[in-house]
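Chains, contacts and geometry: an overview
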Amino acid sequence: METKERKEDRRTKYTRQVIKDTFLKLLEKKAYPKITVTEICKLAEINRGTFYLHYYDMDDVLDDILTEMLEDTKSVEEHLMCPGRAASNCTFPFCHKVHNTPRYQVLFLDDIISSKIIEKIANVYKEGYVTWLMSHSLLTFEQAEAVFYFQMNGCLTINKLTIRNRCGDWRKIQNTIDSFIKAGLESFLIHDGRDETQ
């Protein structure tokens, strides 16, 4: 029984990966709204029933890819306010993952997907970021939320720009942006002896 479950689990992972890979390949040639389940099935050599066994629709495939992109990334506030700022951990792991994994880069060049990336990042990070910023400053919820969206949209645009221009020095640009953001946030923080990394 356990062996059968393991085989099915491996087969499920493989099929889902084939669907995601096919989706990303199609995205290199056409805009997101023009990709169809029929095309995915034809290129992945699966039938529609198999597709719908694993995903509801194209949005579900995209959401799975975005979830995969955000795996193993620390929170935005941990990244920006980490003590020491050693060069090895300066880059937000999400940005690092995108720049070191070419298969994800095509996502940033599609305007509809770009807005979905912001939504996904907000679902994962906004609550922690806004809570942290409010607890370390006198900002209201609305102000802290505005700072979050300003930062995320700016970082998305920079990633899009460096990918589109094939920028070889993106780490330097990312470090510049990080320093700019950190300096701006520092002006709002309350310095009353609390540990700023909490």
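Parameters at a glance
- Residues numbered from 1 in each chain as written.
- Predicted model: local features only at pLDDT ≥ 70, side-chain atom pairs only at ≥ 80, totals over all residues.
- Heavy atoms only, no water.
- Helix = DSSP H or I, 4+ residues; strand = E, 2+ residues; numbered from the N terminus.
- Buried < 20%, exposed > 50% of the residue type's maximum accessible area, 1.4 Å probe, protein only.
- 1 Å grid on protein atoms, 1.4 Å probe; cavity = no way out; pocket = protein on both sides within 12 Å on 5 of 7 lines; lining within 4 Å.
- Points joined across faces, edges and corners; volume = space filled by probe spheres on them.
- Nonpolar A, V, L, I, M, F, W, Y, C, P; charged D, E, K, R; others polar.
- Salt bridge = Lys/Arg side-chain N within 4 Å of Asp/Glu carboxyl O.

1. With respect to the side chain of His136
Within the secondary structure, His136 sits in the loop between α8 (111-135) and α9 (141-164). Here His136 falls in the buried class, since its relative accessible area comes to 6%.

2. Points about the layout of surface pockets
Volume-wise, the largest pocket comes out at about 280 Å³. Looking at the lining of the largest pocket, the elements with two or more residues in it are α9 and α10 (170-186). When its volume is computed, the second largest pocket comes out at roughly 160 Å³. By residue class, the composition of the lining of the second largest pocket is 2 nonpolar, 1 polar and 5 charged.

3. What to know about the pattern of salt bridges
Taken as a whole and judged by the stated rule, the model has 11 salt bridges. With a shortest N-O distance of 3.1 Å, Asp64 and Arg16 are connected by a salt bridge. Within this pair, whereas Asp64 is found in helix α4 (residues 58-70), its partner Arg16 is found in helix α1 (residues 2-27), the two being separated by 48 residues in sequence. Note on Asp64: relative accessible area 17%, which makes it buried. Linking Lys20 and Asp64 is a salt bridge whose minimum nitrogen-to-oxygen distance equals 3.5 Å. Here Lys20 is found in helix α1, whereas its partner Asp64 is found in helix α4, with 44 residues between them in sequence. For the residue pair Lys20 and Asp64, the accessibility class agrees, reading buried in each case. Each of Arg16, Lys20, Asp21, Asp64, Glu68 and Arg103 takes part in a single network of salt bridges with overlapping partners.

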